[in-house]
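Descriptive analysis of the structure
Listed below are the residues making up each chain.
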Amino acid sequence: MSRMGDVLAGFHAAWEFESDSVLIRYERGIRTPKLFQALGERRVPLEAIAGVTLTRGKRGTVVLRMEPRPGADPLMEAAAGQLKESGDPYRLVLPADREVLAEYYADELRPLLTESGPADRFLVEPPEGPLSFKAYDGKATFDGRTVNFRWFWTGASSAKWKAGDQSFSVGELNGVEWRSPEVFEGHLRLLQRDAGAPGVQADQDPAAVVFGLGYGPVHESLPFAAAVLAAVRTSSPVAAVPAPRRDPADIAERIRHLGELHQAGLVTDEEFSVKKAELLAEL
């Protein structure tokens, strides 16, 4: 390999080559993709890389790309192929006049890539927490152990209001389903152990938050999904942690909104009585 610490700088990022890894540092400039800015820097072990390619890019550029092994990076696993090319964190775009230098580093790197095929564990560190973002129908937070969904009365469906705010220990989960906010019906759904395939739309599922214009952007929701997925893969099932008692003013607001749903005929008399009792029990 080239000398330890050699750096190859391109547009929006620089790769620093070490004996056992490549450290990717992303710029924070205004033209840098927001996902790169959110990631900051990532250390990619050589054992997480299956190969490296060099291709011609657009408008007088060349593209050096590392190909991560399936299952090696929680970010790429959560993305499931939905990232746009310009948002691929494994691409380094360089001016065409640096093609020879890029080829040199690619040639130096290839003999060191001895692993191939799916990885049996995540080899790249997930984004650091705590993490949070605003979806269209609620706010999602993750502290490394528990995912919380707090519904917005302006966006959440009556099904979610009836279910109430949700709290999921990573030990209760089997994975995550991230659908990019840049496509129709984008959402983040938590997949629960032994729950089977989701049978309802994300806007009706208390285990999901839905995206919308300006809600759940890629640079916020994808690192969130990756962090949860990584925690799930390294956890074992645990008993659910009791939800903390809520603010009385918050309970009163939720009862008021529940009453509006009841008056509108969206909640039956029985459902109204049961849910109101549940909310009062949390005081």
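**Details of the overall build of the protein chain**
Along its length, the protein chain carries seven helices and 14 strands. Within the protein chain, the proportion of its 283 residues that are buried is 46%. The long-range fraction of contacts in the protein chain, counting pairs at least 24 apart against all pairs at least 6 apart in sequence, stands at 59%. Accessible area of the protein chain: about 14800 Å², with a carbon and sulfur share of 51%. Separation of charge centres in the protein chain, based on 33 positive and 41 negative side chains, amounts to 3 Å.

**Some points on the sheet that holds strand β4 (residues 41-45)**
Taken in spatial order, the four strands of this open sheet run β1-β2-β3-β4, and their pairing is antiparallel. Each edge of the open sheet is held by one strand with a lone partner, namely β1 (6-9) and β4. Between one strand axis and the next, the sheet turns by 20° as a mean value, whatever way the strands run. As judged from the five bridges shared by strand β3 (residues 21-26) and β4, these two strands associate in the antiparallel manner. If you follow L23 over to β4, its bridge partner there is R43. Sheet strands touched by helix α3 (residues 99-109): β1, β2 (13-17) and β3. Its angle to β1, the strand with the most contacts, is close to 130°.

**Topic: the sheet that holds strand β5 (residues 49-56)**
Two modes of strand pairing occur in sheets, parallel and antiparallel, and in both the strands are linked by backbone hydrogen bonds. If you trace the three strands from one edge of the open sheet to the other, you get β5-β6-β7, paired in antiparallel fashion. The open sheet terminates on both sides in strands that have one partner only, identified here as β5 and β7 (91-95). Ignoring strand direction, the axes of neighbouring strands in this sheet form an average angle of 15°. Here β5 runs beside strand β6 (residues 61-68); their pairing, made up of seven bridges, is antiparallel. Bridged to T53 within β6 is R65.

**As for α3**
Considered for burial, the residues of α3 that qualify are A102, Y105, A106 and L109. One side of α3 holds all its buried residues, which, seen down the axis, span an arc of 100°. Along its buried surface, α3 packs onto β1, β2, β3, β5, β6 and β7.

**Considerations on the confidence of the model for the protein chain**
Taken over all residues, the pLDDT of the protein chain has a mean of 90, while the share at 70 or more is 91%. Here residues 238-243 is modelled with pLDDT under 50, and outside its nearest four sequence neighbours on either side it reaches four contacts, counting other chains as well.

What counts and what doesn't
- Residues numbered from 1 in each chain as written.
- Predicted model: local features only at pLDDT ≥ 70, side-chain atom pairs only at ≥ 80, totals over all residues.
- Heavy atoms only, no water.
- Helix = DSSP H or I, 4+ residues; strand = E, 2+ residues; numbered from the N terminus.
- Buried < 20%, exposed > 50% of the residue type's maximum accessible area, 1.4 Å probe, protein only.
- Contact = heavy atoms within 4.5 Å.
- Areas by Shrake-Rupley, 256 points an atom, 1.4 Å probe, with all protein chains shown as cover.
- Lys, Arg positive; Asp, Glu negative; His and termini not counted.
- Charge placed at Lys NZ, Arg CZ, Asp CG, Glu CD.
- Pairing = 2+ DSSP bridges.
- Axes fitted to C-alpha atoms, helices over the stretch in contact; angles between N-to-C directions.
- Arc of directions from axis to C-beta.
- pLDDT = per-residue confidence, 0-100.

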